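# Residue-level structural notes
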Amino acid sequence: MPRTDSSVFLSNGEHLLADVPLVYVELNGGKPTRGSLGVLSKVREIYGFAAALLCTPEWRDHTELLCAAGATEMYYCDEVWPDDEPESLQIDALVALLTEYDFSTVLFGDSRLTCELAGAVSAIFESGVNWRLEDIVLRDGELRGTRRSGVIGERMECTWTTVRKVAVMRSVNLPLRRFEGGATAIRIKAASHARPRPQFMGPVSEPAASARELASADIVVAGGRGMRDQSTLRLLEELAQVVDGAVGVSMPIVDRGWYPYANQVGSASEAVSPRLYIACGISGSVQHLAGMRDSQLIVAVNTDEVAPIMGLCDVGVVGDLHEIVPRLIELIGSSRAGPSTDVRPRQ
Amino acid sequence: MMPERICVCVKPVPADRGSRPPSLSPTDEHAIRAALLLREDAGFEVVVMAMAPPAAEGALRRSMALGADRAVLVSDDALGGSDLLVTSRVLARLVARESPALVLFGTASPDSGGAMLWSSVAARLGWPLLSSADTVTLRNGTAVIVRADGRARHIAQFRLPGVVALSGRSTSRPEIADIVRSKRQEVERVALSDLRLSPGEVGRAGSGTSSRRIEGGRAGDTVILAGPDAADRLFGILVQRGALVG
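Residues numbered from 1 in each chain as written. Chains lettered and ligands numbered in written order. Predicted model: local features only at pLDDT ≥ 70, side-chain atom pairs only at ≥ 80, totals over all residues. Heavy atoms only, no water.

What follows deals with the overall build of chain B. On a plain count of helices and strands, chain B comes out with seven helices and 11 strands. Along the longest, intermediate and shortest principal axes, the C-alpha atoms of chain B span 70 × 45 × 40 Å. In chain B, buried positions account for 54% of the 246 residues. As displayed, chain B offers around 10,700 Å² of accessible surface, 51% of which is attributable to carbon and sulfur atoms. With 31 positive and 26 negative side-chain charges, chain B shows a separation of 1 Å between the mean positions of the two kinds. (Helix = DSSP H or I, 4+ residues; strand = E, 2+ residues; numbered from the N terminus. Buried < 20%, exposed > 50% of the residue type's maximum accessible area, 1.4 Å probe, protein only. Areas by Shrake-Rupley, 256 points an atom, 1.4 Å probe, with all protein chains shown as cover. Lys, Arg positive; Asp, Glu negative; His and termini not counted. Charge placed at Lys NZ, Arg CZ, Asp CG, Glu CD.)

In structure tokens:
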């Protein structure tokens, strides 16, 4: 296992036996994602060390950030293949690293790209993959993860039966810690075309200004069948605006053509896990619940107090959304206007 | 060399209330429709395939009512408890058996592991993968996709064979005549031995992960608000829990 460079910062020699977990650092807009850094911090916290893989020619710009987040070893791939579809280079770099070095645990934050990387690593190295993990712990030296099960109020403990373990964590809410010390940087070469790479042909149009992305929103305001008509959606948009969140809708709303599919929440479309989910006039079909039950705080506004969503939510408001939502907008709007603004109770 | 077959991998899902048998999801129907459009252009055979319990046969029959030429189902008691590692192993064998030019997936929710599955299958086959595709066209042995990547759209391509995951969903109502016709069509059943897989390579035995239920969760601690000041009390709770602080 040629990880001799590591001795620069691990002086007790134990690193040669230790199993350093590898965290893939995803870049978004050229910067490491908050999720990747959260996973890095988590790994450093429970193992005492962590390796990071970063694929960009500008890797130097991020060393400080990665060390502070917990990296004790840093692997980088600075290759640029202008004609190749960029994501395939990431897979080749990972495969090269895992072929050359002996990482038995590989962890990812959650995104479409990281899921694809995790899937490829799982298949190529015949390794078990657990995903949607909210937390990981070491018990008796063995890695265990926890995630929510399909049943409300239940959790699953996940383990691996293969030598190499692949984990995708729900990273949005992982705390970011600050660590001292540096890391050794080790350059790796991507396995040249481990499999045929798709070619990147360039953009077809200018980036369009679009609504805030549902999947990454901190707060989601969602509407369903309980909305009187299409104009109610403006109410939800207004609430989303004052809380700096995104609008989501249930499937019947998309089927009626009231709102774009891109905003649909449910197991058949986008699954979300924001910090706050406000469900307005959504009774809570199994599919919808599957798409939002991992939200941290769930508020449901519904006239029907025995609607399925009332059994899942943290706060259930029995009432007409057409009255509740405008009042909520008013209250939040006033509080946002400035600390001196007096918010008077109604009546 | 022109390709002659397109495989569409589907995952029949339980219908809304769980009582009805599994059906095709709108994202899978979208992928099937895309395959049928490609068939119109160049006359491929469209094969829909799934690894699922026997009850999923109806969903596969529906795919034929929609226009698929053939439907293939791998179903075996030994597959119970299979994780993603096993599912990709089985699907890759199933696809390889058909030697298609192109494999299509519909985009399931990020949580369901769909992105991991199509990437695993592509990796096992050693084929290029393009996902988040809005459209796919075939030209001179090349698949060209338009992809919405975050907020930008771009074109990417690969030489066939390869795997494309399509975004988008659609539902359509097959014609009565097509439903009747599909009743006479057989859903092909493939056994594990047809895929040269032993029971030890599938199910729990072949899986790379295991899980067990533990306690914990949010059941039973729901706060219910009602009455004229419900919105005000809700606001109070949101402020108190710091839910509105960005």
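The next thing to look at is the overall build of chain A. Within chain A, the secondary structure is distributed over nine helices and 18 strands. For chain A, the residues scored as buried account for 58% of the 347 residues in total. For chain A, contacts bridging at least 24 residues in sequence account for 63% of all contacts bridging at least 6. With the model as given, the accessible surface of chain A reaches about 14,500 Å², and the carbon-plus-sulfur share is 50%. (Contact = heavy atoms within 4.5 Å.)

Contacts between chain A and chain B engage 97 residues on the former and 77 residues on the latter. Carbon and sulfur atoms supply 54% of the area buried between chain A and chain B, which totals about 6,900 Å² over both sides. Counting every contact that joins chain A to chain B gives six salt bridges. In this structure, the salt-bridge partner of Arg327 of chain A is Asp232 of chain B, at a minimum N-O distance of 2.7 Å. Taken together, chain A and chain B are joined by 22 residue pairs in polar contact (both at pLDDT 80 or more). With 10 residues, helix α4 (residues 112-124) of chain A is the single largest residue contributor to the side of chain A that touches chain B. Class assignment of the residues belonging to the side of chain A that touches chain B gives a composition of 46 nonpolar, 27 polar and 24 charged. Taken together, the six bridges between strand β10 (residues 155-160) of chain A and strand β10 (residues 209-214) of chain B define a ladder with antiparallel strand orientation. Looking at β10 of chain B, one finds that Arg155 of chain A is bridged to Ile214 of chain B. (Buried area = accessible area lost by both parts, 1.4 Å probe. Salt bridge = Lys/Arg side-chain N within 4 Å of Asp/Glu carboxyl O. Polar contact = N/O pair within 3.5 Å; in protein donor to acceptor, adjacent residues only side chain to side chain. Nonpolar A, V, L, I, M, F, W, Y, C, P; charged D, E, K, R; others polar. Pairing = 2+ DSSP bridges.)

Taken in spatial order, the six strands of this open sheet run β15(A)-β14(A)-β16(A)-β17(A)-β18(A)-β11(B), and their pairing is parallel. Across the chains shown, the open sheet's two edge strands, defined by having one partner strand only, are β15 (246-249) of chain A together with β11 (223-226) of chain B. Neighbour-to-neighbour, the strand axes of the sheet open up by a mean angle of 20°, direction not taken into account. Examined bridge by bridge, strand β18 (residues 315-318) of chain A and β11 of chain B share four bridges and lie parallel to one another. Looking across to β11 of chain B, one finds that Val317 of chain A is bridged to Leu225 of chain B. Seen against the sheet, helix α7 (residues 230-240) of chain B touches β16 (276-280), β17 (297-302) and β18 of chain A together with β11 of chain B and runs at an angle of roughly 145° to β11 of chain B. (Axes fitted to C-alpha atoms, helices over the stretch in contact; angles between N-to-C directions.)

What follows covers the nonpolar core. In this structure, Leu22, Leu53, Leu66, Tyr75, Leu94 and Phe108 of chain A together with Phe105 of chain B are the most contacted members of the largest nonpolar core, which totals 94 residues. Element by element, the count of residues in this core is highest for helix α4 (residues 114-125) of chain B, at eight residues. Formed by 39 residues, the second largest nonpolar core is a distinct cluster that contains Ile324 of chain A together with Ala230, Phe235 and Ile237 of chain B. (Core = buried A, V, L, I, M, F, W, Y, C linked by side-chain atoms within 4.5 Å.)

For the rest of this paragraph, the subject is α7 of chain B. Every buried residue of α7 of chain B is accounted for by Ala230, Ala231, Asp232, Leu234, Phe235, Ile237 and Leu238 of chain B. Directly after α7 of chain B, the chain includes Gly242 of chain B, whose backbone phi takes a positive value near 70°.

Quick look at the sheet that holds strand β12 (residues 184-187) of chain A now. Residue and element names in this part refer to chain A. Spatially, the seven strands line up as an open sheet ordered β7-β11-β6-β1-β4-β5-β12, and their pairing is parallel. What marks the edges here is a single partner per strand, and that holds for β7 (128-133) and β12. Across the sheet, the mean angle separating the axes of adjacent strands is 25° when strand polarity is ignored. Two elements, strand β6 (residues 105-108) and strand β11 (residues 165-169), share four bridges in a ladder whose sense is parallel.

Fine structural detail should not be taken from predicted coordinates in areas where pLDDT scores are low. Residues and elements named next belong to chain A. The predicted model of chain A averages 84 in pLDDT, with 86% of residues at 70 or higher. Segment residues 1-17 is flagged for pLDDT under 50; beyond a separation of four residues in sequence, or across chains, it makes 24 contacts in the model. Predicted confidence is poor over residues 340-347, with pLDDT under 50, and the contacts of this stretch with residues over four places away or in other chains come to 11 contacts. (pLDDT = per-residue confidence, 0-100.)

With that settled, consider the side chain of Gln185 of chain B. All names here are of chain B. By secondary structure assignment, the location of Gln185 is in the loop between α5 (176-184) and β9 (188-190). At 3.1 Å, the side chain of Gln185 and the side chain of Arg181 are in polar contact. Excluding anything up to four places from it in sequence, Gln185 contacts Arg61, Met64, Ala68 and Asp69.

The next point concerns helix α1 (residues 34-47) of chain A. Residue and element names in this part refer to chain A. Look at α1: 20 Å from first C-alpha to last across 14 residues, which is about the 20 Å you get at 1.5 Å a residue. Those residues of α1 that sit buried are Gly35, Ser36, Leu37, Gly38, Val39, Leu40, Ser41, Lys42, Val43, Arg44 and Tyr47. Gly48 lies just past α1 and shows a positive phi near 90°. (Expected span 1.5 Å × (residues − 1).)

Backbone torsion omega between Leu160 of chain B and Pro161 of chain B reads 0°, so that peptide bond is classified as cis. As for its placement among the helices and strands, Pro161 of chain B is situated in the loop between β7 (152-159) and β8 (162-166). Residue Glu126 of chain A is not a glycine yet carries a positive backbone phi of 45°. Here Glu126 of chain A shows up in the loop between α4 and β7. The partly exposed category is assigned to Glu126 of chain A, whose relative accessible area is 35%. Unusually for a residue other than glycine, Ser99 of chain B sits at a positive phi of about 35°. Structurally, Ser99 of chain B can be placed in the loop between α3 (84-98) and β4 (102-106).

Along the polypeptide, Leu276 of chain A turns up in strand β16. For Leu276 of chain A, a relative accessible area of 0% puts it in the buried group.

A few words on the side chain of Glu98 of chain B. All names here are of chain B. Structurally, Glu98 can be placed in helix α3. Judged by relative accessible area, which is 5%, Glu98 ranks as buried. In terms of polar contacts, Glu98 uses its side chain to reach the side chain of Arg70, at 2.8 Å. When near neighbours in sequence (up to four residues on either side) are disregarded, Glu98 contacts Arg5, Cys7, Val47, Met49, Arg70 and Val72.

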